[in-house]
Amino acid sequence: MSKRTLAVLLTAALCISALAGCEKRPERMEFTTFAMDTVMNFTLYGSRKDCSTVQSVLTDRLAGYEDMLSVTKEDSFVYAVNHANGEWVEIPDDDILALLYSVQGLGLVTGGALDFTAYPAVKAWGFTSGEHRVPSDEELEELAEKIDYTAVKLDGNTVALPQGMEIDLGAVAKGWAGDQMWKAVKENGVSSALLDLGQSTIVAVGTKPEGNPWRIGVVDPAQPGNYFAVVELADMAMGTSGGYQRYFEQDGEIYWHILDPDTAAPARSGLSSVTVIAPSAFFCDGLSTALFVMGLEEGVQFWRNDPNFEAIFVTEEGKIYRTAGLEGRFSLAEGYTDREVVVLK
Ligand code: ADP
Ligand code: MG
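Describing the overall build of the chain
Here is step 1: Scanning the chain for helices and strands turns up 9 helices and 19 strands.
Here is step 2: For the chain, with 345 residues in total, the buried portion stands at 50%.
Here is step 3: Counted over contacts in the chain with a minimum sequence separation of 6, partners at least 24 positions apart contribute 58%.
Here is step 4: Working note: accessible area of the chain is about 16,900 Å², and carbon and sulfur atoms make up 50% of it.
Here is step 5: Across the chain, 26 positive and 50 negative side-chain charges occur, with their mean positions spaced 14 Å apart.

See below:
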C-alpha cells in the first residue's frame with residue numbers, strides 16, 4: 001500500500017468516526033401524570049420532538065380513557081351502562097367494543113375468576129367511596145348471585161345489563177390503557193420507553209437505548225416499599241395484583257379489593273400477590289387479578305394448560321414460585337437473596 005493510499009484510508013476512517021460521534025444520542029424524557037386513580041411515570045428515549053409529541057398524546061389519551069371508563073364520573077360510558085335500567089347503550093368506539101369482548105372472553109377463559117360485573121359488591125365493601133364496611137352474610141349471598149359476566153349482552157355496537165347489575169373495568173383498565181399507549185408510543189417514533197402505570201402495570205417498550213432489557217422490580221407484598229425480585233423485560237408487559245394494593249382493617253381482619261365472584265368477599269386463596277409477564281398488558285392485568293382469585297394450585301394448573309405467559313406467585317407465608325420460562329430474566333433483589341424460589345415446570 002502506498003503512503004498516499006494509506007493517508008486517504010486514514011482520513012476516510014477519521015471522517016467516519018467523527019460522523020458517528022456526531023450522531024445524535026436519543027434524549028431522555030420523564031414525566032408523571034395522575035390518571036385512573038394512579039400516579040403514572042413515563043420514561044421515553046428519542047428525539048426531543050418525538051418525545052414531546054408522545055407526551056401530549058399519552059396525556060390526552062389517558063384523560064379520555066378515564067372519561068369513558070370511570071365508574072363514578074356521571075358522564076362516563078361505564079356510568080351510562082350502569083344506569084341504563086336494562087336499556088341498550090351505544091359503545092363509543094371500536095377500541096371499547098374490543099375491550100368489552102376481551103374482558104368477557106377473559107372471564108370465560110378463567111372460569112369466572114375475572115368477572116367485570118363484581119361492581120355492586122366492590123361498592124358494598126366501600127372500596128369505591130372509601131367508607132369501608134363488612135357486609136352481612138345474607139347481603140354477600142345476594143351480591144354474589146348478581147355477579148355474572150355471561151349476563152352482559154353485547155350486540156353490534158351496543159351493550160345492555162340486566163337490572164341491578166353493574167360493570168367495572170378496574171381489573172383490566174390500566175392494562176388495556178397500557179396496550180393502547182404502547183401502540184401510540186411506537187406510532188409516534190419512540191422505540192425505547194418505560195410506561196409505568198402505577199407499578200401494577202408496566203410496559204417495557206423495546207429495550208433500553210443501549211440495547212439492554214429494562215430491569216423492573218417486583219413489589220414485596222409483605223413490605224410494599226421494597227422489591228423482592230428484578231425481572232428483565234424487552235418489548236413485554238408485566239402486571240401485578242395483590243391484596244396489599246388496596247385494603248382496610250376491621251377488628252383485626254384485613255379485607256382487600258380483589259373479590260371472589262363466588263362469594264362477593266375478598267378472595268382468600270392463600271396468595272399475597274401474583275405477577276404475570278406477557279406481550280399484552282391487558283392480559284397481564286386481567287390474568288393477575290384472576291390468578292390471585294384462583295390461588296396457587298389452580299393458578300399453576302391454568303398456566304400448565306396455557307403456558308403462553310410467565311408468572312410469579314407469592315404466598316401469604318412468603319414462599320416464592322416462578323415459571324421456568326423466566327430463567328435468566330429473574331433474579332432476587334438485594335436483601336432477598338437467601339429466599340427459596342420454587343421453579344414451576
Ligand atoms: P389494581 O387496580 O390495584 O391494579 P386489580 O387489577 O387486581 O388491582 O383490580 C382490582 C379491581 O378490580 C378492584 O378494585 C375492583 O374494582 C375490581 N375487581 C375486584 N375483584 C374482581 C374480580 N374478581 N374480577 C374483576 N374485577 C374485580
Ligand atoms: Mg388486574
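That shown, we press on.
Some remarks on the coordination of the magnesium ion (ligand 2)
Here is step 1: The coordination sphere of the magnesium ion (ligand 2) contains the protein donors A171 (O), D285 (O), D285 (OD) and T289 (OG1), at a distance range of 2.1 to 2.4 Å.
Here is step 2: Along the chain, the residues that donate to the magnesium ion (ligand 2) are spaced as A-x113-D-x3-T. In this pair, A171 sits in the loop between β5 (158–160) and α7 (173–187) while D285 sits in helix α8 (residues 281–294), placing the two residues 114 residues apart along the sequence.
Here is step 3: The exposure class assigned to A171 is partly exposed, which follows from its relative accessible area of 26%.
Here is step 4: Judged by its relative accessible area of 7%, D285 falls in the buried class.

What about the pairing of strand β2 (residues 38–46)?
Here is step 1: Of all 9 residues making up β2, 7 are buried, and the element is well covered by its neighbours.
Here is step 2: In terms of strand pairing, strand β1 (residues 27–35) meets β2 through 9 bridges, oriented antiparallel. Across the sheet, the residue bridging to T33 is M40, located in β2.
Here is step 3: The hairpin turn running from β1 into β2, its antiparallel successor, is 2 residues long, and M36 in that turn takes a positive phi close to 50°.
Here is step 4: Judged from the 5 bridges that link them, β2 and strand β6 (residues 192–196) form a sheet pairing that is antiparallel. Within β6, the residue paired with F42 across the bridge is L195.

Considerations on the pattern of salt bridges
Here is step 1: Under the definition given, this model contains 9 salt bridges.
Here is step 2: In this structure, the salt-bridge partner of D67 is K73, at a minimum N-O distance of 2.9 Å.
Here is step 3: Take K73: its relative accessible area is 32%, and that puts it in the partly exposed class.
Here is step 4: The partner of R322 in a salt bridge is E327, and the shortest N-O contact between them spans 2.8 Å.
Here is step 5: Judged by its relative accessible area of 8%, R322 is buried.
Here is step 6: Owing to a relative accessible area of 57%, E327 belongs among the exposed residues under this scheme.

Overview of the confidence of the model for the chain
Here is step 1: In this model, the chain carries a mean pLDDT of 93, and residues with pLDDT of at least 70 account for 93%.
Here is step 2: Below a pLDDT of 50 lies the segment residues 14–22, which in the model reaches 0 contacts outside its immediate sequence neighbourhood of four places, other chains included.

Quick word on the sheet that holds β5
Here is step 1: Taken together, the 3 strands give an open sheet; going across it, the order is β3-β5-β4, and neighbouring strands pair in antiparallel fashion. Each edge of the open sheet carries a strand with a single partner, namely β3 (89–90) and β4 (153–155).
Here is step 2: Sheet analysis places β4 next to β5, joined by 3 bridges and oriented antiparallel. Note that in β5 the partner of D155 across the bridge is T158.

Brief notes about the site of ligand 1
Here is step 1: As a matter of local geometry, ligand 1 sits amid 19 residues, with D168, S241, L259, D285 and T289 nearest to it.
Here is step 2: D115 places a polar main-chain atom, nitrogen or oxygen, 2.9 Å from a nitrogen atom of ligand 1.
Here is step 3: If ligand 1 stood free it would expose 570 Å²; the protein chains cover 95% of that surface.
Here is step 4: Top contributing element to the shell around ligand 1 by residue count: α8, with 3 residues.

Concerning the pairing of strand β11 (residues 247–250)
Here is step 1: Bridge count for β11 against strand β12 (residues 253–256) is 4 bridges, and the pairing is antiparallel. What sits directly across from Y247, in β12, is W256.
Here is step 2: Between the end of β11 and the start of β12, which pair antiparallel, lie 2 residues, with D251 showing a positive phi angle near 45°.

Quick notes on the sheet that holds strand β9 (residues 223–233)
Here is step 1: Taken in spatial order, the 3 strands line up as β8-β9-β18 in an open sheet, and their pairing is antiparallel. Strands with a single pairing partner mark the edges of an open sheet, and in this sheet they are β8 (214–220) and β18 (330–332). Put simply, the sheet's adjacent strands are angled 35° from each other on average, direction ignored.
Here is step 2: In this sheet, β18 lies alongside β9 in antiparallel orientation, the contact comprising 3 bridges. Opposite A229, over in β18, you have L332 as the bridge partner.

Calculation rules
Residues numbered from 1 in each chain as written. Chains lettered and ligands numbered in written order. Predicted model: local features only at pLDDT ≥ 70, side-chain atom pairs only at ≥ 80, totals over all residues. Heavy atoms only, no water. Helix = DSSP H or I, 4+ residues; strand = E, 2+ residues; numbered from the N terminus. Buried < 20%, exposed > 50% of the residue type's maximum accessible area, 1.4 Å probe, protein only. Contact = heavy atoms within 4.5 Å. Areas by Shrake-Rupley, 256 points an atom, 1.4 Å probe, with all protein chains shown as cover. Lys, Arg positive; Asp, Glu negative; His and termini not counted. Charge placed at Lys NZ, Arg CZ, Asp CG, Glu CD. Donors = N, O, S within 2.8 Å, 3.2 Å for Na, K, Ca; no water. Pairing = 2+ DSSP bridges. Salt bridge = Lys/Arg side-chain N within 4 Å of Asp/Glu carboxyl O. pLDDT = per-residue confidence, 0-100. Near = heavy atom within 4 Å. Polar contact = N/O pair within 3.5 Å; in protein donor to acceptor, adjacent residues only side chain to side chain. Axes fitted to C-alpha atoms, helices over the stretch in contact; angles between N-to-C directions.

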